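Structure at a glance
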Amino acid sequence: MTEKKIFTDSGIEIKPFYTAFDRPEEDSDLPGSFPFTRGIQEDMYRGKLWTMRQYAGFSTAEESNKRYHYLLSHGVMGLSVAFDLPTQIGYDSDHSLAEGEVGKVGVAIDSISDMETLFDGIRLEEVSTSMTINATAFILLAMYVAVARKQGADMSKISGTVQNDILKEYAARGTYIYPPKPSMRIVTDIFDWCSRELPKWNTISISGYHIREAGSTAVQEIAYTLSNGKAYVQAAKGKGLDIDVFGKRLSFFFNAHNNLFEEIAKFRAARRMWARIMKDMGARDPRSMMLRFHAQTGGSTLTAQQPINNVSRITIQSMAAVLGGTQSLHTNGFDEALSLPTEEAARTALRTQQIIAFESGIADTADPLAGSYFIESLTDQMEKSAWELIEKIDILGGSISAIEKGYMQEEIAKSAYRYQQKIETHEKIIVGVNKFEQADQLPLKGFRIDDSIRKTQMEKLARIKRRRDHAKCDQLLQTLCDQASGDENIMPGVLEAVENNCTLGEIADTLREVFGEYH
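These figures come from a predicted structure and were not determined experimentally.

1. So, the environment of A108
- Positionally, A108 belongs in the loop between α2 (85–88) and α3 (112–118).
- Considered as a pair, A108 and T60 are 48 residues apart in the sequence and their alpha carbons are 5.8 Å apart.
- The contacts of A108, once residues within four sequence positions are left out, are S59, D84, T87, S93, V102, G103, D114 and Q457.

2. Overview of helix α17 (residues 470–485)
- End to end, α17 covers 23 Å across 16 residues, agreeing with the expected 22 Å (1.5 Å per residue, within 8%).
- By the burial criterion, the buried members of α17 are C473, L476, L477, L480, C481, Q483 and A484. Buried residues along α17 cover an arc of 165° about the axis, so they all sit on one side. For α17, exposure combined with an orientation more than 90 degrees from the buried face picks out A471, D474 and S485.
- Buried residues in α17 make contact with α6 (180–197), α18 (491–499) and α19 (504–515).
- One side-chain oxygen at the N-terminal end of α17 lies 3.2 Å from the backbone nitrogen of A471; it belongs to D469.

3. Some details on the packing of aromatic side chains
- What the rule picks out here adds up to 19 aromatic pairs.
- Between Y68 and F119 the ring centres are 6.1 Å apart and the planes differ by 20°, which places this aromatic pair in the stacked class. Here F119 lies in the loop between α3 and β5 (128–132) and Y68 lies in helix α1 (residues 61–73), a separation of 51 residues in the sequence. The residues Y68 and F119 share a single accessibility class, namely buried.
- Here Y144 and W201 contribute two aromatic rings whose centre-to-centre distance is 5.4 Å and whose plane-to-plane angle is 50°, an arrangement assigned as tilted. Placement of the pair is Y144 in helix α4 (residues 137–150) and W201 in strand β7 (residues 201–202), with a sequence separation of 57 residues.
- On the basis of relative accessibility, which here comes to 0%, the residue W201 falls in the buried class.
- What links up through ring pairs into an aromatic cluster is the set F252, F254, F267, W274 and F293.
- A cation over an aromatic ring shows up here: K15 above the ring of Y18, its NZ or CZ 5.6 Å from the ring centre.
- Across the ring face of F34, the terminal group of K279 is positioned such that the distance to the ring centre comes to 4.7 Å.

4. Here we look at the nonpolar core
- With 137 residues, the main nonpolar core has M131, F138, L141 and I507 as its most contacted residues.
- Broken down by element, the residue count for this core peaks at 12 residues, all from α4.
- Discounting chain neighbours no more than four positions away, the residues touching I507 are F138, I139, L477, L480, V494, A497, V498 and C502.

5. A look at unusual backbone geometry
- Note that the residue after F34, namely P35, is joined by a cis bond; omega there is 5°.
- Among the secondary structure elements, P35 is positioned in the loop between β2 (13–14) and β3 (51–56).
- Look at N164: it is not a glycine, yet its phi comes out positive at around 55°.
- Position of N164 relative to the elements: it lies in the loop between β6 (160–162) and α5 (167–173).
- The phi dihedral of Q306 falls on the positive side, at around 45°, and the residue is not glycine.
- In this fold, Q306 is placed in the loop between β10 (293–297) and α11 (310–323).

6. Considerations on the pattern of salt bridges
- One pass over the full model with this rule turns up 35 salt bridges.
- Note that K168 and E169 form a salt bridge whose closest N and O atoms lie 2.9 Å from each other. The two residues K168 and E169 agree in class, both being buried.
- Here K414 makes a salt bridge to E411, at a shortest N to O gap of 3.4 Å. Pair noted here: K414 and E411 are both in helix α15 (residues 407–424), with a separation of three residues, about one helical turn.
- Through salt bridges with shared partners, a single ionic network connects R38, R268, D367 and E376.

7. Topic: the pairing of β10
- Across the five residues that make up β10, a large majority, five, are buried.
- Burial of β10 is two-sided: the residues F293, A295 and T297 facing one way and the residues H294 and Q296 facing the other way are all buried.
- Direction of pairing for strand β9 (residues 250–256) relative to β10: parallel, over a ladder of five bridges. Counted as the bridge partner of A256 is T297 from β10.
- In terms of handedness, the path from β9 via helix α10 (residues 260–280) over to β10 forms a crossover that is right-handed.
- Bridge analysis of β10 against strand β11 (residues 328–330) gives three bridges, and the strand direction is parallel. Bridging across to β11, A295 finds its partner in L329.
- With α11 bridging β10 and the parallel β11, this β-α-β connection has right-handed handedness.

Basis of the calculations
- Here the residue numbers are simple positions, counted from 1 along each chain's written sequence.
- Given that this is a predicted model, residues contribute local features only at a pLDDT of at least 70 and side-chain atom pairs are listed and counted only at 80 or more, while totals for whole chains, interfaces and linings are drawn from all residues.
- Neither water nor hydrogens contribute to the side-chain values; these are computed over all heavy atoms in the structure.
- Note on conventions: DSSP H or I runs of at least 4 residues are helices, E runs of at least 2 residues are strands, and numbering of each starts at the N terminus.
- Note on definitions: a residue-residue contact is assigned when non-hydrogen atoms from the two residues lie within 4.5 Å.
- An expected span of 1.5 Å times one less than the residue number is assigned to each helix.
- Working definition: with a 1.4 Å probe on protein chains only, accessible area under 20% of the residue-type maximum means buried, over 50% means exposed, and in between means partly exposed.
- Arc definition: directions from the helix axis to the C-beta atoms.
- Between N or O atoms, a polar contact is any pair within 3.5 Å; within protein, one atom must be a potential hydrogen donor and the other a potential acceptor, and residues adjacent in sequence are included only when both atoms are from side chains.
- Only Phe, Tyr and Trp rings take part, Trp by its six-membered ring, and two of them pair if their centres are within 6.5 Å. Stacked means planes under 30 degrees apart, edge-to-face means over 60, and tilted covers everything else.
- Here, over-ring charges are defined by two tests on the NZ atom of lysine or the CZ atom of arginine: distance to the ring centre within 6 Å, and angle to the ring normal within 35 degrees.
- Buried Ala, Val, Leu, Ile, Met, Phe, Trp, Tyr and Cys residues that are joined via side-chain atoms within 4.5 Å together make up what is termed a nonpolar core.
- Salt bridge, as used here: a side-chain nitrogen of Lys or Arg that lies within 4 Å of a carboxyl oxygen of Asp or Glu.
- Between any two strands, pairing holds if DSSP finds at least two bridges.
- Crossover handedness is defined by viewing with both strands directed away from the observer: a clockwise path from the first strand over the helix to the second marks the crossover as right-handed.

Dropping the structure here:
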C-alpha cells in the first residue's frame with residue numbers, strides 16, 4: 001500500500017513522525033538573543049503580555065469613538081483604526097468617486113476635526129494606536145499628531161504604528177495613489193521625521209497580512225514581506241538615514257492562518273531571517289535586528305456558512321500567533337464574512353485573547369514549542385524555501401522591480417488559484433463549506449452602515465470650509481507643492497496644513513499634481 005503524502009499549503013511535505021535526526025544541528029539560541037528565533041524578549045509574555053488590539057472603524061468618527069470606548073472598557077490594550085476606502089485612496093467624502101463607499105469598510109476621516117472626534121475622551125499619551133493606512137499614511141499620521149498636540153501630549157510618549165507599507169499595495173491590495181518612486185520617498189520622509197519628532201512611533205508595519213489574504217502561501221508571505229522590508233531599508237539608507245536609528249522603529253504585520261504548526265514555524269523563521277538580513281545590511285545594534293510583529297487572524301479563512309465555527313478557527317489562529325511570539329494581536333469577529341463585526345462578535349474576539357493569556361498556560365514560558373523535532377524541522381524548511389524565493393526576487397532587481405514586472409502579483413494569483421482548486425476538488429476540507437454542510441442554518445443579524453453617512457460627512461466638510469482661512473490654506477498647499485517638487489521633507493508642511501483645516505483630499509490632490517497617479 002502506497003503511503004499517503006501530506007503537504008502544508010506551502011508545499012512542504014509533512015512526515016508521519018519526526019525524530020532527533022530531523023534536527024541534527026543543535027542550536028543554543030536563547031529568547032532575546034540573535035537571531036531571535038525564539039522571540040525578541042528573554043522572558044517574553046512572563047514580563048509583559050502581547051498588546052491585545054481590536055481593529056475597528058466604521059461610519060462616522062462619532063460612531064467609531066463609541067466602539068473604541070466600548071473596547072477599552074472591556075480590556076483592550078491598544079486601538080487599531082480601520083479607514084474607509086475614500087480615506088485610503090485620498091478622496092474627501094464629497095468627491096464623486098466616494099459615493100457608496102463613505103464609512104463602509106472603515107471610518108471616514110476628511111479633516112483634523114474628524115480625527116479629534118475619533119479620539120474624543122481618549123488620552124493619546126495613554127493608548128497605543130495602530131493605523132491601517134498606506135497611500136495617505138502621512139496625512140493621517142499628521143492629523144493624529146495634531147490632535148495629540150492639541151491635547152498637550154508629550155510627543156516622546158506617543159506610541160503606535162502607521163502601516164505605511166506601499167509596496168504590498170502594488171503587489172496585493174490596490175489602494176495606492178502615486179507611482180512607486182515618489183511613494184517610497186513619502187515612506188522615507190516619515191522615517192526621517194518620526195526619528196526626530198516621535199521617537200516611540202513605529203514608522204512602518206511591513207505587511208504580509210494582505211499578501212496572504214490575496215492568496216499567497218505562508219512561505220510566499222514571509223519571503224515577499226521580508227523582501228519588501230529590504231527595499232524600505234535600502235531606500236532609507238539611500239537617503240542617508242542611520243539603519244540603527246530607523247531600524248528600531250520598523251515593525252511587521254503577519255497573517256495568522258489555520259495550519260497551526262506551519263504558522264508557528266513561519267513566525268520563528270521570519271524572525272531569524274530578518275535578523276540576518278539586517279545584520280548583512282549593516283545593522284550593529286541588536287534592537288535594529290529584532291523582527292517585532294503584529295498579527296491578525298485570517299479574514300479570508302472566515303466562512304459565511306455556519307459562522308459560529310469561525311470562533312474555533314480564530315482561536316487556533318490566535319494560539320499560532322502567541323506560540324509564534326507576536327507582540328500584538330487582533331482577533332477577528334466570527335461574523336466578519338457577513339458584515340462588520342457586531343459588539344458581541346468583537347467582545348468574543350477579545351475574550352478569546354484573554355482566555356489564551358490567562359487560562360491556557362501558553363504565556364507562561366518563552367517559545368514553549370522550542371526543541372520539538374517537528375517545529376524545529378519545519379522552521380528550517382520554511383526558512384530554506386523562503387530564501388529561495390527572496391533570491392529569485394533579488395535576481396529580478398529587488399521588490400520594486402519584481403512588482404513592476406508583475407512577478408509577485410502573478411505568483412500570488414497562481415497560489416490562490418491552486419488553493420481554490422483544492423477546495424473545489426475536496427482535496428482541502430473547509431468545514432461547513434465543502435463538507436459537513438448544514439442546509440437549515442439560521443441567518444445572523446449583521447452590522448450594517450447607513451448610506452446617509454455620506455450626507456453627514458459632506459455637511460461637516462462644508463462647515464469646516466466655511467469657517468477656515470482660505471487664503472492661508474491655499475498658501476500652505478502651495479508650500480507643500482513646492483516641498484514635494486524638491487527634496488525637502490514634506491511632513492512639517494503636511495502637519496501645518498492639517499492644523500489649518502486643509503482636508504485629506506486637498507493634500508492628496510496637491511501631491512497628485514506633483515507626482516502623478518499610478519495606473
